Amino acid sequence: MEDVSSHCGPGFGMERQLFRERAAKIEAAVKAAREAFPGWSSRSPQERSRVLNQVADLLEQSLEEFAQAESKDQGKTLALARTMDIPRSVQNFRFFASSILHHTSECTQMDHLGCMHYTVRAPVGVAGLISPWNLPLYLLTWKIAPAMAAGNTVIAKPSELTSVTAWMLCKLLDKAGVPPGVVNIVFGTGPRVGEALVSHPEVPLISFTGSQPTAERITQLSAPHCKKLSLELGGKNPAIIFEDANLDECIPATVRSSFANQGEICLCTSRIFVQKSIYSEFLKRFVEATRKWKVGIPSDPLVSMGALINKAHLEKVRSYVKRALAEGAQIWCGEGVDKLSLPARNQAGYFMLPTVITDIKDESCCMTEEIFGPVTCVVPFDSEEEVIERANNVKYGLAATVWSSNVGRIHRVAKKLQSGLVWTNCWLIRELNLPFGGMKSSGIGREGAKDSYDFFTEIKTITVKH
Ligand code: NAD
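These numbers were taken from a predicted model, which means no experiment stands behind them.

Caption draft 1: The packing of aromatic side chains, seen in detail. A complete count under the given rule lists nine aromatic pairs for this structure. With a centroid separation of 5.1 Å and an interplanar angle of 55°, the aromatic rings of Trp167 and Phe187 are classed as tilted. Remark: Phe187 occurs in the loop between strand 5 (183-185) and helix 7 (190-199) and Trp167 occurs in helix 6 (residues 164-175); sequence separation between them is 20 residues. For Trp167, a relative accessible area of 31% corresponds to the partly exposed category. Relative accessible area serves as the criterion here: at 1%, Phe187 is assigned to the buried category.

Now the structure itself:
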């Protein structure tokens, strides 16, 4: 889909023409957003909150329609779209509709000089928001809601691979009474539309979720304009399983953390470190549990994993398994070991079985690069110090899980892990108030109630001599 418009306009023709029209339509989106900014930013937080709640209500009423569309477009199971993607998109609007009502500012006094200082925050202006294909509406609304709530107007670009629910959202925003120009959704590819947005001098802020190479390009394009940047990128997330872990809880949770959404979640586990004394038992039970994960048509309620996003991605994920084999690793289940059985009409889909790799070196690309698919590696470790060092020995630092019944150990390990998020004895329990984001190559900045508000506003310190 290639279309750049403030609210879903027409498509394009030839390449040269396309370039001119693209620039013209990004111009139109920026113009619309700039014109809407004074009105929207001067509304009270209560008024903006009411509009966001209205969007949430309408989205909730259309939950089934959106879930069906998201599942068909992305390949995720319908059950996941129904229980996670769309409910969380609703929650994003409700959450920021509420949190915008509760921010306060700072004030300090310098009585000996007869003055006081206080801070005020103001929306930045036109916010450029770019999101990926794995959680399409969930991540797009995680940016639109806080940006609007803080009083910005926005230009949002969903992934060209999964734009259907963003398209549907356009209609819903109109119905909810979002004034024209406040939210402009633009459609198209990254190099064409994304770059036009990032390079525009009148878009002072870019919030991006996606891959690390794209983040590098966005950083380069933003640098001449000194744009405010938030980058939420990939991960190579470790799970650390100590011998005193409760395996009855840990194993199903680790299967889910490895393979949920076909392993296409930035927070998915892809390196499982297991203490040597329980390694054999863990591996046997983990492989058994993985084999029970049914892969199939996303609308089938018995299916745990749907299809991967496209052919190119499926081939990329498979190529990692081939490389592991070539390095002498062992594949315990999944790709190349088990047979995928699907109804004839679905044979052509981009399906892959959840795959477990062992006997692999920490330096292997399967242990260092983000695969972003249903592939996980299981390796043994001896001591706490050793596993912390090995877990930290990658360029990423997004999320980690630690399994142990020793609270002291959990705390020690969690503190030493280079990771923006650490879940202990659980996975993916989110509290939207608290900071979300990664360290090292996993990103810059954090998102959450206060963090998103800080990012989508500019702070000013005012000094009054009295
Ligand atoms: P991607 O970087 O290819 O694309 C993300 C978005 O950026 C898309 O909308 C795309 O069109 C746009 N884009 C691509 N090139 C661009 C350019 N030159 N200029 C401007 N925009 C451009 O990423 P993807 O393949 O869609 O998503 C997968 C990646 O996203 C994985 O690395 C995953 O870990 C990461 N991710 C991170 C988080 C997080 O919160 N940290 C969440 C989800 C996904």
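Caption draft 2: Highlighting the pairing of strand 8 (residues 237-241). Judged by how many residues are buried, strand 8 sits mostly within the fold: five of five residues are covered. The side-chain alternation of strand 8 yields two buried faces, one formed by Asn237, Ala239 and Ile241 and the other by Pro238 and Ile240. In the sheet, strand 8 pairs with strand 9 (residues 269-275) via five bridges, with the strands oriented parallel. In the sheet register, Ile241 faces strand 9, and the bridge partner there is Val274. Handedness of the crossover joining strand 8 and strand 9 through helix 9 (residues 247-259): right-handed. The sheet contact formed by strand 8 and strand 14 (residues 399-403) spans three bridges and is parallel. Paired with Ala239 across the strands is Thr401, a residue of strand 14.

Caption draft 3: Quick peek at empty space enclosed by the protein. One pass over the structure, following the stated rule, counts six cavities of 30 Å³ or more. As a volume, the largest cavity reaches approximately 170 Å³. The wall of the largest cavity is formed by 17 residues, among which Tyr138, Leu139, Cys266, Leu267 and Phe436 lie closest to the centre. For the lining of the largest cavity, the elements supplying multiple residues, two or more each, are helix 4 (78-99) and helix 5 (136-149). If one sorts the elements of the lining of the largest cavity by residue count, helix 5 sits on top with three residues. Its residues placed into classes, the lining of the largest cavity shows twelve nonpolar, one polar and four charged. In this structure, the second largest cavity is lined by 15 residues; those nearest its centre are Gly263, Ile265, Cys268, Ser270 and Phe372. For the lining of the second largest cavity, the per-class residue count stands at six nonpolar, seven polar and two charged.

Caption draft 4: Inspection of helix 14 (residues 407-416) at higher detail. If you check which residues of helix 14 are buried, you get Arg409, Ile410 and Val413. Mapping the buried residues of helix 14 onto a view down its axis gives an arc of 100°, with all of them on the same face. Opposite its buried face, helix 14 presents the exposed residues Val407, His411 and Lys415, each directed more than 90 degrees away. Contact partners of the buried residues in helix 14: strand 8, helix 13 (384-392), strand 14 and strand 15 (421-424). N-cap assignment for helix 14: the residue whose side-chain oxygen lies 3.0 Å from the backbone N of Gly408 is Asn406.

Parameters at a glance
- Residues numbered from 1 in each chain as written.
- Predicted model: local features only at pLDDT ≥ 70, side-chain atom pairs only at ≥ 80, totals over all residues.
- Heavy atoms only, no water.
- Phe/Tyr/Trp six-rings, centres within 6.5 Å; stacked < 30°, edge-to-face > 60°.
- Helix = DSSP H or I, 4+ residues; strand = E, 2+ residues; numbered from the N terminus.
- Buried < 20%, exposed > 50% of the residue type's maximum accessible area, 1.4 Å probe, protein only.
- Pairing = 2+ DSSP bridges.
- Right-handed = clockwise from strand over helix to strand, strands pointing away.
- 1 Å grid on protein atoms, 1.4 Å probe; cavity = no way out; pocket = protein on both sides within 12 Å on 5 of 7 lines; lining within 4 Å.
- Points joined across faces, edges and corners; volume = space filled by probe spheres on them.
- Nonpolar A, V, L, I, M, F, W, Y, C, P; charged D, E, K, R; others polar.
- Arc of directions from axis to C-beta.
- Contact = heavy atoms within 4.5 Å.
- Polar contact = N/O pair within 3.5 Å; in protein donor to acceptor, adjacent residues only side chain to side chain.

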